[in-house]
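Fold and geometry: a report
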Amino acid sequence: MNDKREGLTYAQAGVDIDAGNRMVELIKPLVRATARPGADAEIGGFGGLFDLKRAGFKDPVLVAGTDGVGTKVMIAIETGKHDTIGIDLVAMSVNDLVVQGAEPLFFLDYFATGKLEPHVGAEVVKGIAAGCREARCALIGGETAEMPGLYKAGDYDLAGFSVGAVERDALLPRGVTAGDVVLGLASSGLHSNGYSLARKVVERSGLKWDAPCPFAPGMTLADAMLAPTRIYVRSCLAAIRETDGVKALAHITGGGFTENIPRVLPGEFNVRINLARVPFAPLFRWLAQTGGIAEQEMLRTFNCGVGMIVVAAPHKADHVVDVFRREGETVARLGDVIAAQGDAPRVVYDGHLAL
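Conventions we followed
- Residues numbered from 1 in each chain as written.
- Predicted model: local features only at pLDDT ≥ 70, side-chain atom pairs only at ≥ 80, totals over all residues.
- Heavy atoms only, no water.
- Helix = DSSP H or I, 4+ residues; strand = E, 2+ residues; numbered from the N terminus.
- Rg over C-alpha atoms; globule rule 2.2 N^0.38 Å.
- Buried < 20%, exposed > 50% of the residue type's maximum accessible area, 1.4 Å probe, protein only.
- Contact = heavy atoms within 4.5 Å.
- Lys, Arg positive; Asp, Glu negative; His and termini not counted.
- Charge placed at Lys NZ, Arg CZ, Asp CG, Glu CD.
- Pairing = 2+ DSSP bridges.
- Axes fitted to C-alpha atoms, helices over the stretch in contact; angles between N-to-C directions.
- Phe/Tyr/Trp six-rings, centres within 6.5 Å; stacked < 30°, edge-to-face > 60°.
- Core = buried A, V, L, I, M, F, W, Y, C linked by side-chain atoms within 4.5 Å.
- Arc of directions from axis to C-beta.
- Polar contact = N/O pair within 3.5 Å; in protein donor to acceptor, adjacent residues only side chain to side chain.
- Salt bridge = Lys/Arg side-chain N within 4 Å of Asp/Glu carboxyl O.

Regarding the overall build of the chain
Helix and strand content of the chain: eleven helices and ten strands. In terms of overall size, the chain behaves like a compact globule, its C-alpha atoms giving a radius of gyration of 22 Å where 355 residues would be expected to give roughly 20 Å. For the chain, with 355 residues in total, the buried portion stands at 51%. Put simply, of all contacts in the chain between residues at least 6 apart along the chain, 84% involve residues at least 24 apart. The positive charge centre, built from 36 side chains, and the negative charge centre, built from 42, are 2 Å apart in the chain.

What follows is the structure, given as structure tokens:
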């Protein structure tokens, strides 16, 4: 018996190749705008190219990092605000590179969705391109995956990958010792960590995303919660190169102060942080009060107002602070490096957050 049913197509299976091509055409100008020495930021080939020699490096060490944006993407999807989540994606990778003294060179993204809507994808890439321009790295490629069997229509997820370079003799951390000064650079909000807990707090509050923000007058709750992650690349590189006083940097992501600061400390040293000096923004106070979140839970979940920790030589700390402030950062002197003692915590807290 002959089977006279029509042959299936990829489109009937839920994958629209033409939509993918339309998205590529929409994003090409955005990608070209990220060109920098070493990369022309053209897409369409099988791999992106980068010329280290053209970028001016002599004895470079490559540094690579990858990350996503966590459940923050769910707020973007639920509110239809897609143009800044790409900034978060870039920030989470390039901020990890600069803590080792590396200059971000290029970035690649992965955008996965159930049904590709080219205008949504283009809005996401608009944010990615903006983040790349801020970090001065080229967007040299990416991947768009339409997977209707894995994601429901309207949903998407993001991942990113960045590579940077640093001259071998400039790698961080280096020379951290007791007496070094610990500085904090203010965050722009939650950045891209702790959103599973933050969304639970919003649920408990009963507020909708379009409600007036209870901790930021003149904004909706969604706008405040979607504030893009601050990119610290330019200011950190300026401080490293101009002062010779930066010994270590720690990007405060998931795990907060408690988990991230020890990652850049030699085993024989701890840090002491005066919590009264932390620029604890109204957002974090609202989360703590509305969710009944204890101080220690805040410190190991959120950045609490500090997105980057800087360890500086004491005799050069003032110069380091001046450069960061010139570059637009809000800087707080949080504490110092101390000798480790027995089983004492790696991060010793004095005082309390302004909960």
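Here's the deal with the sheet that holds strand β2 (residues 103-113)
The strand order across the open sheet formed by four strands is β1-β4-β2-β3, and the pairing between neighbours is mixed. Looking at the sheet topology across the chains shown, the edges are occupied by β1 (60-68) and β3 (138-146). Each adjacent strand pair in this sheet contributes to an overall mean axis angle of 15°, direction not counted. Each of β1, β2 and β4 (156-167) is contacted by helix α3 (residues 85-98), which is oriented at about 35° to β4, the strand it contacts most.

Quick word on the packing of aromatic side chains
Tallied over the full model, the rule gives five aromatic pairs. Arranged with centres 5.6 Å apart and planes meeting at 40°, the rings of F50 and F106 form a pair that is tilted. Placement of F50 in the loop between α1 (17-32) and β1 and of F106 in strand β2 is noted, with a sequence separation of 56 residues between them. Exposure class is identical for F50 and F106. Each is buried. Geometrically, the ring pair formed by F215 and W286 is tilted, given 5.4 Å between the ring centres and 45° between the ring planes. Linking F215 in the loop between α5 (195-205) and α6 (221-225) with W286 in helix α9 (residues 282-291), this pair joins segments that are 71 residues apart in sequence. W286 matches F215 in its accessibility class, with the two residues each being buried.

Considerations on the nonpolar core
In this structure, M225 and I273 are the most contacted members of the largest nonpolar core, which totals 98 residues. Those residues in contact with M225 that lie beyond four places of it in its chain are K72, I75, L190, Y195, A198, V202, W209, F215 and L283. Within the second largest apolar cluster, ten residues are counted, among which are F106, A138, V163 and A165.

Focus on helix α11 (residues 317-326)
Turning to α11, its buried residues are A317, V320, V321, V323 and F324. One side of α11 holds all its buried residues, which, seen down the axis, span an arc of 165°. On its buried face, α11 is in contact with β5 (181-186), α7 (233-243), β6 (246-251), β8 (306-312) and β9 (331-339). One or two residues past the end of α11 sits G328, with phi positive at roughly 95°.

Comments concerning the side chain of D180
With respect to the helices, strands and loops of the structure, D180 is situated in the loop between β4 and β5. Side-chain polar atoms of D180 contact the side chain of K247, separated by 3.1 Å.

Section: the environment of G101
In this structure, G101 sits in the loop between α3 and β2. Not counting chain neighbours up to four residues away, the residues in contact with G101 comprise V166, A170, L172, L237 and I240.

Things to note about the pattern of salt bridges
Under the criterion given, the structure shown has 14 salt bridges. Here R36 makes a salt bridge to E103, at a shortest N to O gap of 2.8 Å. Linking R36 in the loop between α1 and β1 with E103 in strand β2, this pair joins segments that are 67 residues apart in sequence. The exposure class assigned to E103 is buried, which follows from its relative accessible area of 17%. Here R326 makes a salt bridge to E327, at a shortest N to O gap of 2.7 Å. Of the residues examined, R326 reaches a relative accessible area of 49% and is grouped as partly exposed. Salt bridges sharing common partners tie together R36, E103 and R241.

Focus on α7
The buried fraction of α7 is high, at eight of eleven residues. Among all positions in α7, only V233, S235, C236, L237, A238, A239, I240 and T243 are buried. A positive phi of about 55° marks D244, the residue just after α7.

Quick word on the side chain of E103
Within the structure, E103 has its side chain in polar contact with the side chain of R36 (distance 2.8 Å). Apart from residues no more than four positions distant in its own chain, E103 is found in contact with R36, F57, G164, A165, L237 and R241.

Details of the environment of D155
Of note, D155 is situated in the loop between β3 and β4. Under the relative-accessibility criterion, D155 is labelled partly exposed at 24%. With 148 residues separating them along the chain, D155 and G7 place their C-alpha atoms 29 Å apart. Beyond its immediate stretch of four places on either side in the chain, D155 contacts I77, A112, T113 and G114.

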